[in-house]
Amino acid sequence: MMSEFQSYQRFPNVEVAQPLLQLLRQHGILYETILDQPRIDPSFAFNPTSSYFVVKVRPADVEAVRALEMAADEELTATAAPDHYLFSFTDAELLDVLLKADEWSSFDVALARRILRQRGQEVSPLLLERLRQQRLHELAQPEPSQKAWVLFGYAVALLGGLVAIFIGWHLRTHSKPLPDGRKVPAFSPRDRAHGLRILILGVVCFVGSVALRLMQGE
C-alpha cells in the first residue's frame, strides 16, 4: 500500500526542520519524517551532504501547510533585524533566493520577498510559481556525461568483475529527489542505456568467468 504522505520539504538536518515541525504540531497537522540517504552518491563517493531530513505531509494538507508557513514567516520578517545579511543583497540576488528556495530557510525566502516589495519590485504569486517551475526544471536535468565511468564499466565487465554489475545497475537506476517530492533519473538516457549494457555484459562475463574456473578445477 502506498504511503498516504508525500515529501513536503527536506532539510540538511533535524535541527533546521524544527520550526516547521513545531508549526505542524501546533496546528494538529499529521506528518511523517524520514532520513533520505541515497544508496550512493552520483559521484560514486561517500558524501555526507547528500543525506536529508525529509518532512512528509498528506497531499490534502500541502496548500494549508504552505499558507501557514507563509503567514508565520511574514509575521517574523516584519521584525527582522535591519542588519540581517539579506538587506545587503541586490535585487538580482534576492530573486535568486526565491528561485532557489529549496536551498534557503522559509524565513529567508519570506524576507527576500518582503525586501523586494519594499524596493518596489513586484513579487506576485504568478512570478513565484514561474520561479518554482524553472527551479524544478533545472534540478530535473540529468548529471553531466558519465563517460569515464561508462568506459571503466565496460573495461571491468570484460574482465568479469562484479564492480561492472554495480556500475551498470547504478547508472541505470539511480534517481534524485526534487523539492516537490518527485524522483527523476539522475543520468541521461544515453548513460542509462550504457548502464543497462554494462549490467548485462557484467553478468554474462562474471558468470562465464565463474563457469570457466569451475571447469578448470575439475
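Below, the structure is looked at part by part. Quick caveat: nothing in here was measured; it's all calculated off a predicted structure.

### As for the sheet that holds strand β1 (residues 6-11)
Okay, so step 1: If you trace the three strands from one edge of the open sheet to the other, you get β1-β3-β2, paired in antiparallel fashion. The open sheet terminates on both sides in strands that have one partner only, identified here as β1 and β2 (31-36). Mean inter-strand twist for the sheet, computed between neighbouring axes without regard to direction, equals 30°.
Okay, so step 2: Bridge analysis of β1 against strand β3 (residues 52-57) gives five bridges, and the strand direction is antiparallel. Looking at the pairing, Ser 7 lines up with Lys 56 of β3.
Okay, so step 3: Packed onto the sheet, helix α1 (residues 18-26) meets β1, β2 and β3 and runs at close to 20° relative to β3.
Okay, so step 4: Helix α2 (residues 62-77) contacts β1 and β3 of the sheet and is inclined by roughly 30° relative to β1.

### A few points about a nonpolar patch on the surface
Okay, so step 1: Residues Leu 196, Ile 200 and Val 204 make up a contiguous nonpolar surface patch of about 250 Å² in total accessible area.
Okay, so step 2: With respect to the helices and strands, the residue Leu 196 is situated in helix α8 (residues 189-217).

### Regarding the layout of surface pockets
In this approach the atoms are scanned with a rolling probe the size of a water molecule, which exposes any empty space left behind.
Okay, so step 1: By volume, the largest pocket is sized at about 1,200 Å³.
Okay, so step 2: The set of elements that each furnish at least two residues to the lining of the largest pocket consists of β1, α2, α3 (91-99), α4 (106-118) and α5 (125-139).
Okay, so step 3: At eight residues, α5 tops the list of elements feeding residues into the lining of the largest pocket.
Okay, so step 4: Residue composition of the lining of the largest pocket, grouped by class: 21 nonpolar, eight polar and 13 charged.

### Overview of α1
Okay, so step 1: By the burial criterion, the buried members of α1 are Leu 20, Leu 21, Leu 23 and Leu 24. Angular distribution of buried residues about the axis of α1 spans 160°; they occupy a single face of the element. Those residues of α1 that are exposed and aimed more than 90 degrees away from the buried face are Pro 19, Gln 22 and Gln 26.
Okay, so step 2: In this fold, the buried residues of α1 make contact with β1, β2, β3 and α2.

### Some words on the packing of aromatic side chains
One pair of aromatic rings is described through two measures. These are the centre distance and the angle between the planes.
Okay, so step 1: Scanning the entire structure with this criterion turns up four aromatic pairs.
Okay, so step 2: Seen in terms of ring centroids, Phe 166 and Trp 169 are 6.0 Å apart; in terms of plane orientation they differ by 40°. Their pairing is tilted. Here the residue Phe 166 and the residue Trp 169 both occupy positions in helix α7 (residues 162-173), the gap between them amounting to three residues, near one helical turn.
Okay, so step 3: Residue class for Phe 166 comes out partly exposed when judged on its relative accessible area of 36%.
Okay, so step 4: Relative accessible area serves as the criterion here: at 31%, Trp 169 is assigned to the partly exposed category.
Okay, so step 5: An aromatic cluster is present here, built from Tyr 85, Phe 89 and Trp 104 joined pairwise through their rings.

### Looking at the nonpolar core
Okay, so step 1: Core analysis: the largest hydrophobic core is formed by 14 residues, its most contacted members being Leu 86, Leu 94 and Leu 98.
Okay, so step 2: Those elements giving two or more residues to this core turn out to be α3, α4 and α5.
Okay, so step 3: If you tally residues by element for this core, the top one is α4, at five residues.
Okay, so step 4: When sequence neighbours within four positions are dropped, the list of residues in contact with Leu 86 reads Leu 94, Val 97, Trp 104, Asp 108, Leu 111, Ala 112 and Ile 115.
Okay, so step 5: The next biggest cluster of nonpolar side chains, apart from the first, holds twelve residues, and it includes Ala 17, Phe 53, Val 62 and Val 65.

### A few points about the packing of α3 against α4
Okay, so step 1: With their axes 9 Å apart at the nearest point, α3 and α4 run at an angle of 140° to one another. The hand of the α3/α4 crossing is left-handed. On the side of α3, the interface is formed by Asp 91, Leu 94, Leu 95, Val 97 and Leu 98, while α4 contributes Asp 108, Val 109, Ala 112, Arg 113, Ile 115 and Leu 116.
Okay, so step 2: Looking at the contact of α3 with α4 residue by residue, the class counts come to eight nonpolar, no polar and three charged.

### Examining the environment of Val 163
Okay, so step 1: As for its placement among the helices and strands, Val 163 is situated in helix α7.
Okay, so step 2: Separated by 53 residues in the primary sequence, Val 163 and Gln 216 place their C-alpha atoms 23 Å from one another.
Okay, so step 3: When neighbours within four sequence positions are excluded, Val 163 is seen to be in contact with Phe 152 and Val 156.

Calculation rules
- Residues numbered from 1 in each chain as written.
- Predicted model: local features only at pLDDT ≥ 70, side-chain atom pairs only at ≥ 80, totals over all residues.
- Heavy atoms only, no water.
- Pairing = 2+ DSSP bridges.
- Helix = DSSP H or I, 4+ residues; strand = E, 2+ residues; numbered from the N terminus.
- Axes fitted to C-alpha atoms, helices over the stretch in contact; angles between N-to-C directions.
- Contact = heavy atoms within 4.5 Å.
- Patch = residues over 30% accessible without salt bridge, like charges linked within 9 Å, V, L, I, M, F, W, Y side chains within 5 Å.
- Areas by Shrake-Rupley, 256 points an atom, 1.4 Å probe, with all protein chains shown as cover.
- Salt bridge = Lys/Arg side-chain N within 4 Å of Asp/Glu carboxyl O.
- 1 Å grid on protein atoms, 1.4 Å probe; cavity = no way out; pocket = protein on both sides within 12 Å on 5 of 7 lines; lining within 4 Å.
- Points joined across faces, edges and corners; volume = space filled by probe spheres on them.
- Nonpolar A, V, L, I, M, F, W, Y, C, P; charged D, E, K, R; others polar.
- Buried < 20%, exposed > 50% of the residue type's maximum accessible area, 1.4 Å probe, protein only.
- Arc of directions from axis to C-beta.
- Phe/Tyr/Trp six-rings, centres within 6.5 Å; stacked < 30°, edge-to-face > 60°.
- Core = buried A, V, L, I, M, F, W, Y, C linked by side-chain atoms within 4.5 Å.
- Left-handed = near helix turned anticlockwise from the far one by under 90°.

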